[in-house]
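# Structural overview for review
Below are the chains, spelled out letter by letter.
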Amino acid sequence: MNGRTRWMTAVLLAAAVTVAGCGSTEKQTTAGSSDVLRIPYLADMSVPDPDVFYDIEGNSVILSQYEGLLKYAPASTKIVGSLAKSWTVSPDRRTYTFKLQPNVTFHSGAPLTSQAVKDAFARRLDVGQAPSYMLAGVKSMSTPDELTFVVRLKRPVNPFEAYMASSWGPKVIGPAALKTNAGKDFGQTWLRTHGDGTGPYKLTEFARGRQYTLTRNEDYWGPPATKANFKTVLIKITPDIGTQRLELQNGGLDAIVKSFPASELASLPDSLEVQQKDSNLRLLLYVNTHKAPFQDPAVRAGLRSTIDVGQLVDQAYAGTATKPVGAYPEALLADQPELPYGVDAAKARAAGDRARTKKITLAYTADESGVQRRVGELMQGKLKEAGFDVTLREVQLPDTYGYVKRLEQAPDLLLQTNTPDAAHPDTWARIVFYSTGGLNFFGFSDKGVDKALDDALDAPEAEATKLYQQAGQDVIDSDSIFFLSNVKDVFVLQKDLEGVESVPAYPWTVSYAPLKRAGS
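A short tour of the structure in this document, coming up. Owing to the predicted nature of the structure, the values given are computational and were not obtained by experimental measurement.

Reading the values: the criteria
Residues numbered from 1 in each chain as written. Predicted model: local features only at pLDDT ≥ 70, side-chain atom pairs only at ≥ 80, totals over all residues. Heavy atoms only, no water. Buried < 20%, exposed > 50% of the residue type's maximum accessible area, 1.4 Å probe, protein only. Helix = DSSP H or I, 4+ residues; strand = E, 2+ residues; numbered from the N terminus. Arc of directions from axis to C-beta. Contact = heavy atoms within 4.5 Å. Pairing = 2+ DSSP bridges. Salt bridge = Lys/Arg side-chain N within 4 Å of Asp/Glu carboxyl O.

The next point concerns helix α10 (residues 345-354). Of the positions making up α10, those classed as buried are Ala348, Ala351 and Gly352. Viewed along the axis of α10, the buried residues span an arc of 100°, placing them on a single side of the element. Exposed and oriented more than 90 degrees from the buried face of α10 are Ala346, Lys347, Asp353 and Arg354. The inward-facing, buried residues of α10 abut α8 (297-304).

Below you can see the structure in the form of structure tokens.
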């Protein structure tokens, strides 16, 4: 039920679809057009089905087409209404009553009603893929009238509103998918290449391995200021960051929103600009405590003494990251226990001398920006000074999800950038710290941490905060997961592109609708 444990299921499902389309053909246009926005992706998204999709590459496609009941305000952790114009919570924190926006239509033309919302929520549970955990606490749903939707929970769930605002949270899918094209799999086949949302853009082409096309929804329900400015968004699958950079510099692309090499930001041509935005992304070092040498707590404590966070941030990120304070992204939890990292050569060397084996593998996930490799090289140097023989190894993201099943064969250390599911401490701790968490790659397990997180789920706010703080302290004390940096979103854009909006909880994602060409 936790985290991204079924991420690979979505990828394998998507792999079965090779090339498909929604009826349109590629338009021969270039960046600079006031009607067309061109954005590259390094890789295909899994599927454009919001009840299956659970990776990051593709968030902009989902959020352009579909809306949920709630969302985060731009550049904020504040939850505001989306398809719900207002909502109330009962005193026992179990009943949520959402009043829906009137006069909203799906891309198919059907009206938004409370029954449509109920059908969409039920469909997420029926499909049962990774994002369904956000509705696992639902006991019942009702529709007192056409614009009132009521959810009753089995017990209080403190992050429930955060689930509703998450980029992976429940989205309201229309009847074109859930009724007309439902088939025998709740519309999953149809939604691999089509869509029926209420958002400012429609999906009109999904050509796997080549490009996706979003077309402006001329009937978008929102006020004029929220309507899309570009008529068309072309998302080109361009797997090489070097090729992306050349196309951007030559005017063939409008922006690169992910993996631009930090070392090259200072030497951009005058036609481009860099915008850095706050994000909940963090770089973590996972420690495999299930085999030598890091089975030994004393060796792990010595590993802590090799970590120079300041050096990693300054030399690897070139100003695009900051030093972390605690075990949680700072925006998620106040007054959290501080990280006790600091280089101590003597303690590090003592750990190296104590280690049963000096040969270790430090893996890092494939990263086109080169940052993780650079962090690995810096850590390799410190570990060698402590007496370890360190091999660096690049690994692919899908491989990391299998490590927990073969820990003896897994690397000793793993660098990976991760993000919480929403701007709430539970949506970070439950997927990273919990013993069955989807991003707990080396099977960290602490019964006290699990209990604290379970108790915090329905505890009053002040008590829940203390429980999350305690869980964070226990993880820090275990020396099993190290928190190395807060990573900013870095967007490299054509200088004439205006209206850049992002949300810290929606990583590597620019809102397409507000973007416009200067003077247009």
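Attention now moves to unusual backbone geometry. At the junction of Ala292 and Pro293, the peptide bond is cis and its omega measures out at 5° in the coordinates. Take Pro293: it is sitting in the loop between β12 (272-287) and α8. We note that Asp335 has phi near 55°; this positive angle belongs to a residue other than glycine. Relative to the elements of secondary structure, Asp335 occurs in the loop between β13 (321-322) and α10. By relative accessible area, Asp335 is classed as exposed at 72%.

With that settled, consider the pairing of strand β1 (residues 36-41). Counting buried residues in β1 gives 6 out of 6 residues, a clear majority hidden from the surface. Residue alternation in β1 divides its side chains into two sets, Val36, Arg38 and Pro40 and Leu37, Ile39 and Tyr41, and both sets are buried. Direction of pairing for β1 relative to strand β10 (residues 232-237): parallel, over a ladder of 6 bridges. Within β10, the position partnered with Val36 by the bridge is Thr232.

Moving on: the pattern of salt bridges. Pairing between side chains of opposite charge can happen when the charged atoms of each approach one another. Within the structure shown, the criterion is met by 25 salt bridges. With a closest N to O distance of 3.0 Å, Arg123 and Asp51 form a salt bridge. Linking Arg123 in helix α3 (residues 114-127) with Asp51 in the loop between β1 and α2 (59-65), this pair joins segments that are 72 residues apart in sequence. Judged on exposure class, the residue Arg123 and its partner Asp51 are both buried. For Glu377, the salt bridge is made with Arg373, and the minimal N-O distance between the two is 3.2 Å. You can see Glu377 and its partner Arg373 sitting in helix α11 (residues 371-385), 4 residues apart, about one turn around the helix. Assessed through its relative accessible area of 40%, Arg373 is described here as partly exposed. Here the residues in one salt-bridge network are Asp49, Asp51, Arg123 and Arg124, joined through shared partners.

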